[in-house]
Amino acid sequence: MVTSEHPVATASQLDLLSINTIRTLAIDAVQKANSGHPGAPMGLAPAAYCLWQQFLRYDPEDPTWPNRDRFVLSNGHASMLLYALLYLAGVRAVNAKYETLDEPAVSLDDIKQFRQIDSKTPGHPEYRHTSGVETTTGPLGQGVGNSVGMAIAGKWLAARFNQPGFELFDFNVWAFCGDGDLMEGVASEAASLAGHLKLGNLCWIYDNNHVTLDGPAVWSFTEDVAERFKGYGWSVSHVTDANDLNALTNSYNKFLDGKDRPSLIVLDSHIGYGAPHKQDTSAAHGEALGEEEVRLAKKFYGWPEDAKFLVPDGVREHFRDGIGRRGRDLREKWRKRFNDYSKAHPELAQQLDRMQHRELPQGWDRNLPSFPPDAKGVATRESSGKVLNALAQNTPWIVGGSADLDTSTKTHLKFEGAGEFQQDNYGGRNIHFGVRQHAMGAIVNGMTISKLRAFGATFFNFSDYMRPSIRLAALMEIPALFIYTHDSIGLGEDGPTHQPIEQLASLRAIPGLTLLRPADANEVVEAWRVIMQLRHEPAALVLTRQAVPTFDRSKYSSASGVAKGAYILADAPSGMPDVILMATGSEVYLCVDAYEKLNAEGIKARVVSMPSWNLFEHQDDDYHEEVLPFSVKARVAVEQAAPFGWSQYVGPHGVVVGMRSFGASAPLKDVQKKFGFTSDQVVEAAREAIARSR
Ligand SMILES: Cc1ncc(C[n+]2csc(CCOP(=O)(O)OP(=O)(O)O)c2C)c(N)n1
Ligand SMILES: [Mg+2]
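Thresholds, definitions, all that
- Residues numbered from 1 in each chain as written.
- Chains lettered and ligands numbered in written order.
- Predicted model: local features only at pLDDT ≥ 70, side-chain atom pairs only at ≥ 80, totals over all residues.
- Heavy atoms only, no water.
- Pairing = 2+ DSSP bridges.
- Helix = DSSP H or I, 4+ residues; strand = E, 2+ residues; numbered from the N terminus.
- Axes fitted to C-alpha atoms, helices over the stretch in contact; angles between N-to-C directions.
- Contact = heavy atoms within 4.5 Å.
- Donors = N, O, S within 2.8 Å, 3.2 Å for Na, K, Ca; no water.
- Buried < 20%, exposed > 50% of the residue type's maximum accessible area, 1.4 Å probe, protein only.
- Near = heavy atom within 4 Å.
- Polar contact = N/O pair within 3.5 Å; in protein donor to acceptor, adjacent residues only side chain to side chain.
- Areas by Shrake-Rupley, 256 points an atom, 1.4 Å probe, with all protein chains shown as cover.
- Nonpolar A, V, L, I, M, F, W, Y, C, P; charged D, E, K, R; others polar.
- Disulfide = S-S within 2.5 Å.

Caption draft 1: Spotlight on the sheet that holds strand S18 (residues 579-583). Read from one edge of the open sheet, five strands run S17-S19-S18-S20-S21, paired in mixed fashion. Of all strands in the sheet, those bounded by a partner on one side alone are strand S17 (567-570) and strand S21 (655-657). The average undirected angle you get between the axes of adjacent strands in this sheet is 30°. For S18 and strand S19 (residues 605-609), the ladder comprises five bridges, and the chain directions are parallel. Within S19, the position partnered with Leu581 by the bridge is Val607. Together, S17, S18, S19 and strand S20 (635-638) form the strand contacts of helix H20 (residues 588-600), whose direction differs from that of S19 by roughly 170°.

Caption draft 2: Structural view of the sheet that holds strand S7 (residues 263-268). Taken in spatial order, the five strands of this open sheet run S1-S4-S5-S7-S6, and their pairing is parallel. Because the sheet does not close on itself, it has two edges, and the strands there are strand S1 (70-73) and strand S6 (235-239). Strand-to-strand twist of the sheet, defined as the mean angle between neighbouring strand axes without regard to direction, takes the value 20°. Across four bridges, S1 lies against strand S4 (residues 173-178) in parallel orientation. Residue pairing in the sheet places Arg70 in a bridge with Val173 of S4. Sheet strands in contact with helix H9 (residues 245-258) are S4, strand S5 (202-208), S6 and S7, and its direction is about 170° off that of S6.

Caption draft 3: The coordination of the magnesium ion (ligand 2), seen in detail. Listed as protein donors to the magnesium ion (ligand 2) are Asp179 (OD), Asn209 (OD1) and Val211 (O); their distances from the metal cover 2.1 Å. Donor residues for the magnesium ion (ligand 2) sit on one chain with the sequence pattern D-x29-N-x1-V. A residue is classified by how much of its surface remains accessible, and Asn209, at 5% relative accessible area, is buried.

Caption draft 4: Up close: the site of ligand 1. If you check the shell around ligand 1, you find 14 residues, and the closest are His77, Gly138, Gly180, Asn209 and Val211. Separating a nitrogen atom of ligand 1 from a backbone N or O atom of Leu140 is a distance of 3.1 Å. Within the backbone of Val211, an N or O atom sits 2.8 Å from an oxygen atom of ligand 1. Protein contact buries 74% of the 580 Å² of open area that ligand 1 shows by itself. Here the shell around ligand 1 is built from residues that sort into six nonpolar, six polar and two charged.

Caption draft 5: View of the environment of Gln31. Examined against the element boundaries, Gln31 turns out to sit in helix H1 (residues 13-33). Expressed as a C-alpha distance, the spacing of Gln31 and Ala454, which sit 423 residues apart in the sequence, is 41 Å. The residues touching Gln31, leaving out its near neighbours within four places in the chain, are Ala288, Leu289, Gly290, Glu291 and Val294. A polar contact of 3.5 Å, which involves the side chain of Gln31, links it to the backbone nitrogen of Leu289.

Caption draft 6: Summary view of the state of the cysteines. Following the criterion strictly, the structure yields zero disulfides and no others. Free of any disulfide, Cys177 has its nearest neighbouring cysteine sulfur in Cys203, separated by 9.4 Å. A relative accessible area of 0% places Cys177 in the buried class.

Following this line, the structure appears as C-alpha cells:
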C-alpha cells in the first residue's frame, strides 16, 4: 500500500483503506458525472473519517435521534465527501413522517448517479432530499451560519429539557468549512455571536488548503484567521498535517475537553491528493480529474487503477464497528433514558415529541386577542407583538429575537419567565442577534432545523441583508419565521434608505415562501394562525410601523379569509361589481374608503384584501373566480411598493397604484400625499379602470 509523502503514521490498514475508499468514490463519482469537485473530498477525507469513525455520536440506524451530534458540510461543493460517508456508515433513509426506513439514505447506485436527475446525490447536499444531510449547503457561509443556530438550539434544549438525573441533550455541532466559507460575511457575523454566547458545543474545522476556485487563496485572503477567531472569543487549535490521524484525534479531543467556548480547528491541507507535491490544478478548480489523472491518483493511493466505485471488503464492516456500534449504544441508552424521563416528566416528554414531529401543543391558539373596530386603529407591528406573546406562552419552543430592533419590531417576549438567551441563561426565549441580519437568517434556519419554532425580526428593508438564508429556508422546506416591520414608505421620516420598494415583489418570487401582509389587527391574528400551522414552509410576516384602522367586521367580512390568501372584504350591494379594488396591508383601508365613496356615487365596487399571493395561488379555480371574476375587467391594485407582479391580477385594463421610484424622508401624511396614496387617488384609479375596460 502506497501512502502519501506525509504518511499516516499510526493509521491501521483499515483506516487508510477507508480513507482512500472515500477519496476514490469521490473521484469516480465526479469523473462519471464529469462535473463536481473531487479535490476537497480528497483532501478532507482523513479529517472526516477520523471525526465520523471515532467521535461523532450518531447512530446511522436512527438519523433523526434528537441528541445526535450534528455534522454540517458548509463547503457543500465537497458533497461527495458527505455522500461517501452516508453510504459507508450505512445511514438509513427517513420518510416525510420522520419514520426510519429499511433502506439506505445513499446507496452505491446513488453515488453512481451523482448529480443526475432525481438522484439522492445532487450537486450540493440538500436537506429533506437526502436523509442524513443536516442542512442544505452550497452557498458558502450558510452552513456554518446554520451550525450556530444548531448549537444555540442544543444549549436551549438542554436548559429547557434536561432534568436532574436526565441529561437528555448534550450534542455537539461539527462543521467543516473552507476558505470561501470564512471569507463570507455571514460566517463572520455568526462566529462573532457564537463567541459572545460561548457556545462550547460548536466546533468548526477549517480546511486551510490555500486555494479557492480562481487560484491561490492569497490572491484575496491573507488575514490571520486564527487571530481573528481568537478575537471573537473562540478557542483555536492547529493541525499542521491534514493526513495525521493522531493530530486530528488530539484536536477533536481538545475541543471536547474545552467546552467553555466555540472551537476552530485550522487544518493545513492540500487540496486533491492530499500531498503537497501532488497538488493538482483541475481538482482545485472544481472539475473532474480526467481519465488519465484518475489513474494516477489511484496509483498514488495504492488503488487498482482500473477499479471503479470500488468498496473493498471490510470497509463498511469497519464503519459498522466504529461509528455504528458507538452510535447504537449511545442512542439505545438515550432511548431508555427518555422512557424513564417520560414517566418522571410526562409533560416535557410530550412537548419534545410534538416538537420533533413539528406538531403544535394542545391549546396553542388559546387567549389570542381579538380587536374591536377602531377608526384610528393600531400598527400591525403592535398587534403582532401581542399575538406573538400570547402564542409563545402556549408554545414553549417559540424562541427568537431581532437584529437589535426589539423596541421597533415589537417582537420581545415579555411574559414572566421568557428571559434573555445569554451565556449564563441558555433557557432564555429572547435571542439578541445584534446587528447581524444575515447571520440571524442562517441561525434561525439552524434553530428551525433543530425543531424549534424560531423567529428573527428586523425592518422589512433589511430583508435584503438576509435574503440568501430566506431562500434556503424555502428550498429546505423548513418553517422558519421572519418578521418584518416598517414595511413601506409609510414608515415616514427615516426616508428612502429605510423604505422598502421592491422587497415585496422580490420575496414573493421565492418559491414556497409564505408571505403575509395583513391589513389590520384582526388579519394579524389570522396571519399568525396560518403561520403557526405551517410545517414545511417558511413565512415572512410583513407589518406596518404606522397605525392602520381596525375594520368593523360586523360591517365587512371576517378576517378568517386570510387563510385563503385573498378574500372579499366588502362587496357590491347586489350582483357583480363594476370595479374590483385590491390591496394588501396598510393600503386596504384606502380601498375601503374609496369603496364607500364610489358606492355613494352609485358605482358598484368590491374590495379584495389580499394579504398573501401565494396562499391565494394555492386555492382552486372556483375560488379564484369567486374572488376575482373573469368578467370584471375594471380592476385596481393599491400597494406602497413596486407594481411588479400586480399585472397578473389587474389584467390589461387594470390600474396599479404603486411606487415607481424610491420614497422620501418626511412625515407620513406628506409622503403618502406626495406618492398618491389617498382614497381620492384610488377613486380616480377606479374611474380610469372602468373607462379603460369599456
Ligand atoms: C456564496 C457562494 N459564492 C460562490 C460560490 C462558488 N464556489 C464554489 S466553491 C468556491 C471556492 C471556494 O473555495 P474554498 O472554500 O477554499 O474551497 P476549496 O476550493 O478549497 O475546496 C466557490 C467560489 C459558492 N458556492 N457560494
Ligand atoms: Mg480552499
